[in-house]
Amino acid sequence: MLLQVRNVTKRFGGLTAVDDVSFDVPAGHIKAIIGPNGAGKSTLFHLISGYHPATRGTLTFEGAEITHLPMHEIARRGIARTFQTTSLFSHQTVLDNATMGYRMHAATNVFDALLRTPRARREETESREAAYEALRFAGIAPLANRIAGSIPQEAQKRLAIAIAVAAKPKLVLLDEPVAGVTSEETVEHAELIRHMANEGYTICLVEHKMTLVMGLADSIVVLHHGKKIAEGTPAEISADPAVIEAYLGAATHA
Amino acid sequence: MHLFFQELLNGLVVGSLYALVALGLALVYGTMQIPNFAHGHLYMLGAYVAFFGVTVAHVGYWPAMLLAIVVLALVGVVLERLVFRPLRNAPEVNTIIAAVGVLFFLQTLAQVWFGGDYRVFPTPYDKVVHFAGLVATQQQLIVIAAAAVLMVALFWFLKRTLTGATIEAVAQNRAGAALVGIDPNRVSMMVFAISAGLAAAAATLIASISLISPSMGFTVILKAFAIIVLGGMGSVPGAIIGAYILAFAESFGGTYISSNYQDAIAFGVLVLILTFKPTGLFAKGT
Amino acid sequence: MRRVLWIIAAAVAVAIPFLVPKTFYLQIVAGAYITAIAVYGLNVILGYTGLLNLGHAAFFGIGAYAVALLETKAGWPFWPALLAGCAASVVLGAMVGSVSLRTRGNYFAIFTAAVGVMIAIVFTNWQELTGGNIGIVNIPPPPSIGPLAFDGDVPKYYLVLGALALTILICRLVRHSLVGRTFVAIADNEDLARAAGIDVARVRLTAFMLSTFLAGLAGGMFAMYNGNLGPDQTGLDITFEQLLYLVIGGIGTIAGPLVGTLVLVGISHELQGMQQYRFLIFGPLLVLLVRFFPLGIAGGFSRLTARWAAR
Ligand SMILES: Nc1ncnc2c1ncn2[C@@H]1O[C@H](COP(=O)(O)OP(=O)(O)OP(=O)(O)O)[C@@H](O)[C@H]1O
Ligand SMILES: [Mg+2]
């Protein structure tokens, strides 16, 4: 099992955003996490990636506990993520963005940089290649020299994925990768995610667009008010009365 | 024992000054999250305006103080409108840089106007009062009393008047306050006016005890920051309590430990607090 | 285009001792170079990583006092004293940085301001060591290296110029390396940097130490060049002045610290007799720049050249 989530809880003051959630993500799987707005999906990602510390519960990655590790350490273990509101190094070039995704694999320090050591030169080339590879993977290599904040919205979403891919992770957490993207582009993004899975990345996906989720996911976890209310294959989930109730309930409240 | 009470008195005087200055800084930080590094220089300018009132315009001590308060309140409004408001959504660092620009300007203005020398500020209340074996000047007692009056007045204003309530509302939640029809920009200007006005009052009160100079803002501003960090960044009561704590620490530390390093106490306190509590004492949120 | 400008600038800098009529002017230029080195240090921490270290001048003071004391009290020659001065500044930088970098934004500025002022208070009050307000005088010039003697204005000028060139080289190499790009990436988006496995605290500390190294180097050169030193070089007002040069020259750029310092020092001396009034203009200028022109002279210039290149 690549990732094990066990009884994980997150409280913000009086609010329990994630409530005693457990599930597994096997290697090579695409696991979707769905639920109405405010269900706790993003918070769950924050817990897995170490952005927020869990109030209770344990997270195990490749058999080792990662619950209390700092965020960068978790990333180094092989968990990459994107953020719900597209998060880039927006004043840097697209290429530099992807380079930062790979950065943790390069050990170059200030002295290497000053003395132009062989290591600095080798890692400079390696990072560049890794970055270009990630950009090509995401289909935005032609934009490499543009400033990240100035490229189109959809390309920015691809860049966020490229940064994650450049990190050469084992598990990628994608938080609403197609929010605000047109339906045609959504299809292309679905292909990109499928392509990632084919390349051997394990994926956790938070998404509201059900067609995308149903088409991609191997299995789905449904959150509602922070609790897991269902888990199963897309077919099982779409027939689950508790899930329908949660979504309908949310719709009538909204 | 006698020395002890004398130091207590000195602490009370200095604490009153610190409280008035730190209060303004805390008010501005609490409502707008602006660390106004030029605040000490507003205080300095206040001292010079009052100095001008007494020595050049000969309007007398209290009218000179009123003049300083009014002028500085206006300066505060102008600063909010022209310097700080346009930077509301800029990076925090930019606000500090702009404040540095302002303080350079103010310091030079005072230098050009009155020269760079230290000046003595004449007071009509220079008689010495004896009671219970303690010695105080009238001016010292006036500082303590006037500061108390100003603080009570400010509290009454903040807690008991509708306008004061709008300040609290904006401090709590700027967007929310705007939704219920409060104009946050107006409140910001008002807060800057009060803040600068209080600094001017403090300056007039203390200027006749210590000397004034164009660079007097530098020490004061850092002490005021130490105080508001001590009192929980942005809390008005915290600033007052912090001010007296620091003043007593300095006054006793200066007497019983080392007068050379008296000024370092404030910064030591600040460094210690932020070392162990990087988000400040009584930080809001998690 | 830019390379040509750098070469011209270097040629002019080398020729200056033969061009300016009086040593007075040479001293002003050398003084500006020393300040520029310190401003480059400020640029590393503020321009690259976005953190405002208001205690910067105190680290300048550490380097300066270390050199002055080691030379006058311990009898060290200049070169090892300079190395020790830079080292002292970096070690203190590591200590202050590891604590202060846990704070954020405004707190970081306030914290470092307090640390800086405390250090300045020590310089003023530890009379037996630092000479108090009078400071340290008669700091000997560097000993000769072979036929090269350093005890005149012109050789000292070249020494300072060499230190400045080294500083610019360091900044250039670091800025474009993976390390420098990580500095700016963290300033740009800290959370994303963490998510990419970057140890943000460590990278920031590296930047802080590099910044204090340059401050120490500037301080050491100051002690050497002037032969005397007082606590007035280490206060908050000096940091503020360096900040002014940086903002006007261009935060985060390679040329900015030098351009800003030279332009402002130049203007200040052009306005002879107006020296003390200069901040009546520079103060409001600073306010206007952060609002309308945060890239400063150098940043504006690169934009222009980029536009030309695009045409
Ligand atoms: N840092 C925080 N502090 C306090 N409450 C928070 C915080 N982050 C999230 N919450 C609350 O936790 C709950 C879950 O939020 P979360 O962002 O995880 O929902 P979500 O499922 O991702 O929703 P959406 O589909 O809208 O993105 C919400 O009620 C939210 O307001
Ligand atoms: Mg979400």
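Residues numbered from 1 in each chain as written. Chains lettered and ligands numbered in written order. Predicted model: local features only at pLDDT ≥ 70, side-chain atom pairs only at ≥ 80, totals over all residues. Heavy atoms only, no water.

### A closer look at the interface of chain A and chain C
- Listed per partner, the contact involves 31 residues of chain A and 23 residues of chain C.
- Between chain A and chain C, roughly 2400 Å² of surface is buried when both sides are summed, and carbon and sulfur atoms account for 66% of that area.
- By the criterion of area lost to chain C, the three top residues of chain A are His72, Phe89 and Met100 of chain A, representing 23% of everything that side buries.
- At the boundary of chain A and chain C, one finds two salt bridges.
- Across the pair Arg181 of chain C and Asp96 of chain A runs a salt bridge whose closest N-O atoms are separated by 3.2 Å.
- Grouping the amino acids of the side of chain A that touches chain C by side-chain chemistry returns 14 nonpolar, 10 polar and seven charged. (Contact = heavy atoms within 4.5 Å. Buried area = accessible area lost by both parts, 1.4 Å probe. Salt bridge = Lys/Arg side-chain N within 4 Å of Asp/Glu carboxyl O. Nonpolar A, V, L, I, M, F, W, Y, C, P; charged D, E, K, R; others polar.)

### Quick look at the site of ligand 1
All names here are of chain A.
- Every one of the 13 residues lining ligand 1 counts as a neighbour, but Lys41, Ser42, Thr43, Gln84 and His208 are closest to it.
- At 2.8 Å from an oxygen atom of ligand 1 is found a side-chain nitrogen or oxygen belonging to Asn37.
- Residue assignment for the shell around ligand 1 shows that the elements contributing at least two residues are β2 (15–25) and α1 (41–48). (Near = heavy atom within 4 Å. Polar contact = N/O pair within 3.5 Å; in protein donor to acceptor, adjacent residues only side chain to side chain. Helix = DSSP H or I, 4+ residues; strand = E, 2+ residues; numbered from the N terminus.)

### Focus: the packing of helix α8 (residues 178–188) of chain C against helix α10 (residues 200–226) of chain C
Residues and elements named next belong to chain C.
- Between α8 and α10, whose axes approach to 10 Å, the crossing angle comes to 115°. Where α8 crosses over α10, the handedness of that crossing is left-handed. Each of Thr182, Phe183 and Ile186 in α8 lies in contact with α10, whose residues at this interface are Val200, Val203, Arg204, Thr206, Ala207 and Leu210.
- Of the residues in the contact of α8 with α10, the class split is six nonpolar, two polar and one charged. (Axes fitted to C-alpha atoms, helices over the stretch in contact; angles between N-to-C directions. Left-handed = near helix turned anticlockwise from the far one by under 90°.)

### Observations concerning the interface of chain B and chain C
- Facing the 42 residues of chain B at the interface are 40 residues of chain C.
- Across the chain B/chain C interface, buried area totals approximately 3700 Å², and carbon plus sulfur atoms make up 79% of it.
- Counting across the chain B and chain C interface gives zero salt bridges.
- There are two residue pairs in polar contact (both at pLDDT 80 or more) connecting chain B and chain C.
- When residues of the side of chain B that touches chain C are traced back to their parent elements, those giving at least two are α3 (61–84), α4 (92–114), α9 (217–230) and α11 (264–276) of chain B.

### So, the packing of aromatic side chains
- By the definition in use, this model includes 26 aromatic pairs over all chains.
- Residues Phe37 of chain B and Phe225 of chain B carry aromatic rings whose centres are separated by 4.6 Å and whose planes lie at 40° to one another, so their mutual orientation is tilted. Placement of Phe37 of chain B in the loop between α1 (2–32) and α2 (39–55) and of Phe225 of chain B in helix α9 is noted, with a sequence separation of 188 residues between them. The residues Phe37 of chain B and Phe225 of chain B share a single accessibility class, namely buried.
- Between Tyr33 of chain C and Tyr157 of chain C, the ring centres sit 5.5 Å apart and the planes meet at 45°, which makes this aromatic pair tilted. Taken together, the residues Tyr33 of chain C in helix α2 (residues 23–48) and Tyr157 of chain C in helix α7 (residues 153–176) connect sequence positions 124 residues apart. No difference in accessibility class separates Tyr33 of chain C from Tyr157 of chain C, as the two residues are buried.
- Taken together, Tyr48, Phe51, Phe52, Tyr61, Trp62, Trp113, Phe114, Phe121 and Tyr125 of chain B form an aromatic cluster joined through their ring pairs.
- Geometry around Phe83 of chain A places Arg81 of chain A over its ring, the cationic atom sitting 4.1 Å from the centre.
- When the ring centre of Tyr48 of chain C is taken as origin, the NZ or CZ atom of Arg175 of chain C, which lies over that ring, is 5.9 Å away. (Phe/Tyr/Trp six-rings, centres within 6.5 Å; stacked < 30°, edge-to-face > 60°. Buried < 20%, exposed > 50% of the residue type's maximum accessible area, 1.4 Å probe, protein only. Lys NZ or Arg CZ within 6 Å of the ring centre and 35° of its normal.)

### Some points on the environment of Leu51 of chain C
- Here Leu51 of chain C lies in the loop between α2 and α3 (56–72).
- Sequence-wise, Leu51 of chain C and Ala38 of chain C are 13 residues apart; in three dimensions their C-alpha atoms are separated by 16 Å.

### So, the coordination of the magnesium ion (ligand 2)
- Looking at the metal site, the magnesium ion (ligand 2) is ligated by Ser42 of chain A (OG) and Gln84 of chain A (OE1), spaced 1.9 to 2.0 Å from it. Of the two residues, Ser42 of chain A sits in helix α1 while Gln84 of chain A sits in the loop between β6 (79–81) and α3 (94–102), which places them 42 residues apart along the sequence. (Donors = N, O, S within 2.8 Å, 3.2 Å for Na, K, Ca; no water.)

### A look at helix α5 (residues 138–160) of chain B
- When the terminal C-alpha atoms of α5 of chain B are compared, their 32 Å separation across 23 residues agrees well with the 33 Å that a helix rising 1.5 Å per residue should span.
- Regarding α5 of chain B, the residues found buried are Gln139, Gln140, Ile142, Val143, Ile144, Ala146, Ala147, Met151, Leu154 and Leu158 of chain B. (Expected span 1.5 Å × (residues − 1).)

### Considering helix α13 (residues 278–292) of chain C
- Helix length check: α13 of chain C (15 residues) gives 21 Å between terminal C-alpha atoms against 21 Å at 1.5 Å per residue, within 8%.
- Every buried residue belonging to α13 of chain C is among Arg278, Phe279, Phe282, Gly283, Leu286, Val287, Leu289 and Val290 of chain C, and all of these are buried. Viewed along the axis of α13 of chain C, the buried residues span an arc of 165°, placing them on a single side of the element.
- Buried residues along α13 of chain C sit in contact with α3 and α4 of chain B together with α11 (236–249) and α12 (256–270) of chain C. (Arc of directions from axis to C-beta.)

### Describing the side chain of Thr202 of chain A
Residue and element names in this part refer to chain A.
- Secondary-structure assignment places Thr202 in strand β8 (residues 202–206).
- Residue Thr202 is classed as buried on the basis of its relative accessible area, which comes to 2%.
- Only 2.8 Å separates the side chain of Thr202 from the backbone nitrogen of Gly28, close enough to count as a polar contact.

### Notes on the pattern of salt bridges
- Across all of its chains, the model carries 17 salt bridges over all chains by this definition.
- For Lys228 of chain A, the salt bridge goes to Glu231 of chain A, with nearest N and O atoms at 2.6 Å.
- Here Lys228 of chain A falls in the partly exposed class, since its relative accessible area comes to 32%.
- Linking Arg204 of chain C and Glu190 of chain C is a salt bridge whose minimum nitrogen-to-oxygen distance equals 2.9 Å. Of the two residues, Arg204 of chain C is situated in helix α10 and Glu190 of chain C in helix α9 (residues 190–195); the sequence distance between them amounts to 14 residues.
- Residue classification places Arg204 of chain C among the buried positions, given a relative accessible area of 5%.
- Sharing partners across several salt bridges, the network here consists of Lys31, Lys228 and Glu231 of chain A.

### With respect to unusual backbone geometry
Residue and element names in this part refer to chain A.
- Non-glycine residue Asp20 carries a positive phi angle of around 55°.
- With respect to the helices and strands, Asp20 occurs in strand β2.
- Assessed through its relative accessible area of 41%, Asp20 is described here as partly exposed.

### Remarks on the pairing of strand β2 (residues 134–137) of chain B
Residue and element names in this part refer to chain B.
- Burial of the side chains of β2 is restricted to one face: Leu134 and Ala136 are buried, whereas none of Val135 and Thr137 on the reverse face is.
- As paired elements, strand β1 (residues 128–131) and β2 share four bridges and run antiparallel to each other. In the sheet register, Phe131 faces β2, and the bridge partner there is Leu134.
- Linking two consecutive strands that pair antiparallel, namely β1 and β2, is a turn of two residues; a positive phi of about 50° is found at Ala132 within it. (Pairing = 2+ DSSP bridges.)

### Observations regarding the nonpolar core
- By size, the foremost hydrophobic cluster in this structure holds 257 residues, and its most contacted members are Leu159 of chain A, Tyr43 of chain B together with Met221 of chain C.
- Counting contributing residues, this core receives three or more from each of domain 1 (1–78 + 169–254) and domain 2 (88–166) of chain A.
- Apart from residues lying up to four places away in sequence, Tyr43 of chain B is in contact with Leu17, Val21, Ala199, Ala202, Ala203, Ile206, Met216 and Val220 of chain B.
- By size, the runner-up hydrophobic cluster in this structure holds 26 residues, among which are Ile33, Leu47, Leu171 and Leu173 of chain A. (Core = buried A, V, L, I, M, F, W, Y, C linked by side-chain atoms within 4.5 Å. Domains from an automatic or database assignment.)

### Thoughts on the domain arrangement of chain A
Residues and elements named next belong to chain A.
- As assigned here, chain A comprises domain 1 (1–78 + 169–254) and domain 2 (88–166).
- Just the C-alpha atoms count here: the centres of domain 1 and domain 2 sit 27 Å apart.
- Taken together, the 17 residues of domain 1 in the interface contact nine residues of domain 2.
- One can count one salt bridge joining domain 1 with domain 2.
- Where Arg158 meets Glu188, a salt bridge forms, and the shortest distance between an N and an O atom there is 3.4 Å.
- Taken together, the links from domain 1 to domain 2 amount to four residue pairs in polar contact (both at pLDDT 80 or more).
- Counting residues per element, the ones that place at least two in the side of domain 1 that touches domain 2 are α2 (71–77), β7 (171–175) and α7 (183–198).
- With six residues, the single largest contributor to the side of domain 1 that touches domain 2 is α7.
- Split by residue class, the side of domain 1 that touches domain 2 holds 10 nonpolar, two polar and five charged.

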